[in-house]
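What follows is the residue order along each chain.
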Amino acid sequence: MAIACGVVVANMYYVQPIGNLVAQSFHISVGQVGAVSTVTQFGYALGLLFLVPLGDVVSRYKLIIRMALLSSLSLLAAFFAPNFISFISVSFLIGLLSIVPQIIIPYGAVLAGTERRGQVMGTLLGGLLIGILVSRTFSGILSNYMPWRYVYLIAVLMILILVAFLSKMLPKDQPLHQRNYLDAVRSMPGLVKKQPVLRESAINGFLMFGTFSIFWSTLVFYIAAQYHQGSGMVGLLALLGAGGALAAPIIGRFADEMAPRKIVGIGLVLQTLSFLLLLVLGQHLAALIVAIILLDVGNQCGQVANQTRVQNLGEAVSNRNNTVFMFSYFIGGASGSLLGTLAWEHAAWFGVCLLALGYQVVGLLLHYLVYQER
């Protein structure tokens, strides 16, 4: 299940290290290609909102298989996209159909039970983060040796292989409730109103992933300006984030043993330290490397602990609670990608760092001053 999370979520991030190549291919500006990540994450957010709740209504096994197959078709369309309008439209579909991990995660939480839920969340989210990190490395390095479009064609083959394994190995299930789909969707505002922990986690996820996306959506431009390197170097730097993926199961075990909210606070502090380091010493490669590790571990602390809190709210609403949290999470990511690109165009790296620190200051104030311990 963790491998499936990584393989599918990777679809959304292939474009980030190859942004310059896409811009050259379609004769567009870096600002326009930055919109691709925003549109992809917006599509993902809508998929969370309207497709993930199906997991509380139909068989999760069947839903996972079908969404993965549809995802492969969207990748194939990206490979054949004749112009930028087609490519950005297909990128929306890639995001919309890449919600398989967000069906798998609540499914894994239900299978794990309360005693091991944090550990299982850590394992699944570790797979998710590895997929995000390796996707950047994969597309960045591969694009040095062949046209960037082939990244998407190879991704199609990987999804089809994944589907073959999932169809044989994934546990089969029956719907938990005979609930109408529209009723399930309409119930989500009520879940937000009734569950303060869900509200707090959703806002925190928005800010933390927004910070994360500000960095990764602008790094390729900074690397080109500061080091005169391209997508290959971005791909190699992405491997440094493996520290966050390796830490995820450990973070998950801590979430079973201590208050997950404290782990969220640790994540906020780590991400803030990361951008303070980037602001002051970002021009030095050693500082850049340390900052990437801090950022990725901090983001993983937030996501593992927040999703453990959300999944502990009840199995019957696990998919819908996950929808609310992840919808806010990826809207935050979309805002970070868009505003980060604009900050780069108007104020270069200084503006990027100030924007990210703004997100972090709001997150720290809410976490330590506004919300009470729960």
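Thresholds, definitions, all that
- What you see as residue numbers is a count from 1 along each chain, following the sequence as written.
- Only residues with pLDDT of 70 or above have their local features reported here, since the model is predicted, and side-chain atom pairs are shown and tallied only from 80 upward, although totals for entire chains, interfaces and linings are computed over all residues.
- Neither water nor hydrogens contribute to the side-chain values; these are computed over all heavy atoms in the structure.
- Runs of H or I in DSSP of at least four residues are treated as helices and runs of E of at least two as strands, each being numbered from the N terminus.
- The globule rule is 2.2 Å times the number of residues to the power 0.38, and the radius of gyration it is compared with is taken over C-alpha atoms.
- Burial here depends on accessible area, computed with a 1.4 Å probe over protein chains only, as a share of the maximum for the residue type. Under 20% is buried, over 50% is exposed, and the range in between is partly exposed.
- Note on definitions: a residue-residue contact is assigned when non-hydrogen atoms from the two residues lie within 4.5 Å.
- The Shrake-Rupley method, run with a 1.4 Å probe, gives the accessible areas here. Residue values count only the displayed protein chains as cover.
- Counted as positive: Lys and Arg. Counted as negative: Asp and Glu. His and the chain ends are not counted at all.
- We put the charge of a Lys on NZ, of an Arg on CZ, of an Asp on CG and of a Glu on CD.
- Among buried residues, the Ala, Val, Leu, Ile, Met, Phe, Trp, Tyr and Cys ones that are joined through side-chain atoms within 4.5 Å form a nonpolar core.
- Arc definition: it is the arc formed by the directions from the helix axis to the C-beta atoms.
- Ring pairs shown here join Phe, Tyr and Trp side chains whose ring centres sit within 6.5 Å, with only the six-membered ring taken for Trp; geometry is labelled stacked below 30 degrees between planes, edge-to-face above 60, and tilted in between.
- We call a pair of cysteine sulfur atoms a disulfide whenever their separation is within 2.5 Å.
- Within the patch definition used here, like charges are joined within 9 Å and nonpolar side chains (Val, Leu, Ile, Met, Phe, Trp, Tyr) within 5 Å, considering only residues with over 30% relative accessible area and no salt bridge.
- A pairing counts as a salt bridge when a side-chain nitrogen of Lys or Arg comes within 4 Å of a carboxyl oxygen of Asp or Glu.
- An axis is simply a line fitted to the C-alpha atoms; with a helix, the fit covers only the stretch in contact. Between two such axes, the angle follows the N-to-C directions and lies from 0 to 180 degrees.
- Relative orientations are named as follows: roughly parallel for angles under 35 degrees, roughly antiparallel for angles over 145 degrees, roughly perpendicular for angles from 65 to 115 degrees, and oblique for any other angle.
- Whether a crossing is left-handed or right-handed is set by the direction in which the near helix is turned from the far one by less than a right angle, anticlockwise for left-handed and clockwise for right-handed.
- Asp, Glu, Lys and Arg are counted as charged, while Ala, Val, Leu, Ile, Met, Phe, Trp, Tyr, Cys and Pro are counted as nonpolar; the rest, among them Gly, fall into the polar class.

Participant: Pulling in residues and values, what's your account of the overall build of the protein?
Facilitator: Scanning the protein from N- to C-terminus turns up 16 helices and zero strands. In terms of overall dimensions, the protein is globule-like: its C-alpha atoms have a radius of gyration of 19 Å, near the 21 Å expected for 374 residues. Counting over 374 residues, the protein shows a buried share of 60%. Residue pairs at least 24 apart in sequence account for 84% of intrachain contacts in the protein once pairs closer than 6 positions are excluded. Per element, the accessible surface of the protein, about 14,200 Å² overall, is 70% carbon and sulfur. In the protein, which carries 20 positive and 11 negative side-chain charges, the distance between the mean positions of the two groups comes to 6 Å.

Participant: Go over the nonpolar core with me, naming the residues and quoting the values.
Facilitator: Counting residues in hydrophobic clusters, the biggest one holds 116 residues, and the most contacted among them are Phe-87, Tyr-152, Phe-215, Leu-219, Phe-275 and Phe-330. In this structure, Phe-330 is in contact with Met-12, Tyr-13, Gln-41, Tyr-44, Leu-48 and Phe-209, ignoring residues within four places of it in sequence.

Participant: Give a description of helix H2 (residues 19–26) that names residues and reports values.
Facilitator: Taken residue by residue, H2 has Gly-19, Val-22, Ala-23 and Phe-26 as its buried positions. Along the axis of H2, the buried residues cluster in a sector spanning 100°; they form a single face. At its buried positions, H2 is contacted by helix H3 (30–50) and helix H5 (84–97). Following H2 by one or two positions, His-27 has its phi on the positive side, about 55°.

Participant: Hey, could you go over unusual backbone geometry for me, with residue numbers and the actual values?
Facilitator: Across the chain, the bulk of peptide bonds are trans and the bulk of non-glycine residues have phi less than zero. You will see that His-27, though not glycine, has its phi angle at about 55°, which is positive. Examined against the element boundaries, His-27 turns out to sit in the loop between H2 and H3. Residue Ala-348 is not a glycine yet carries a positive backbone phi of 55°. Tracing the sequence through the fold places Ala-348 in helix H16 (residues 318–370). The class for Ala-348 is partly exposed, based on a relative accessible area of 35%.

Participant: Tell me about the packing of aromatic side chains, residues and numbers included.
Facilitator: Scanning the entire structure with this criterion turns up 21 aromatic pairs. Aromatic side chains Phe-79 and Tyr-150 sit 5.5 Å apart centroid to centroid with 75° between the ring planes, which places their arrangement in the edge-to-face category. With Phe-79 in helix H4 (residues 60–80) and Tyr-150 in helix H8 (residues 150–169), this residue pair connects regions lying 71 residues apart in the sequence. By relative accessible area, Phe-79 is classed as buried at 15%. The partly exposed category is assigned to Tyr-150, whose relative accessible area is 37%. Every member of this aromatic cluster is reached through a ring pair, and the members are Phe-209, Phe-212, Phe-215, Trp-216, Tyr-222, Phe-275, Phe-325, Tyr-329 and Trp-349.

Participant: Describe the state of the cysteines, listing the residues and the values that go with them.
Facilitator: What makes a disulfide is a covalent bond joining the sulfur atoms belonging to two cysteines. Tallied over the full model, the rule gives zero disulfides. The thiol sulfur of Cys-301 is not disulfide-bonded, and the nearest other cysteine sulfur, from Cys-5, lies at 19 Å.

Participant: Tell me about a positive patch on the surface, residues and numbers included.
Facilitator: A contiguous patch of positive charge on the surface is contributed by Lys-62, Arg-66, Lys-168 and Lys-172. By secondary structure assignment, the location of Lys-62 is in helix H4.

Participant: I'd like to hear about the environment of Phe-209, residue by residue, with values.
Facilitator: One can find Phe-209 in helix H11 (residues 196–227). If sequence neighbours within four positions are ignored, Phe-209 has contacts with Tyr-13, Gln-41, Asn-299, Tyr-329, Phe-330 and Gly-333.

Participant: So what about the packing of helix H1 (residues 2–9) against helix H7 (residues 117–142)? Which residues, and what values?
Facilitator: With their axes 7 Å apart at the nearest point, H1 and H7 run at an angle of 30° to one another. Between H1 and H7, the angle falls in the class roughly parallel. Every pair of crossing elements has a handedness; the one defined by H1 and H7 is right-handed. Facing H1, whose interface residues are Ala-2, Cys-5, Gly-6 and Val-9, H7 presents Thr-123, Leu-124, Gly-127, Leu-128, Gly-131 and Ile-132. A per-class count over the contact of H1 with H7 returns six nonpolar, four polar and no charged.

Participant: Explain a nonpolar patch on the surface to me, and be specific about the residues and the numbers.
Facilitator: Together, Val-269, Leu-273, Leu-276, Val-361, Leu-365, Tyr-368, Leu-369 and Val-370 line one region of the surface with nonpolar side chains, adding up to about 730 Å² of accessible area. Sorting the residues of the nonpolar patch by element identifies helix H14 (260–281) and H16 as the ones contributing at least two each. If you tally residues by element for the nonpolar patch, the top one is H16, at five residues. Along the polypeptide, Val-370 turns up in helix H16.

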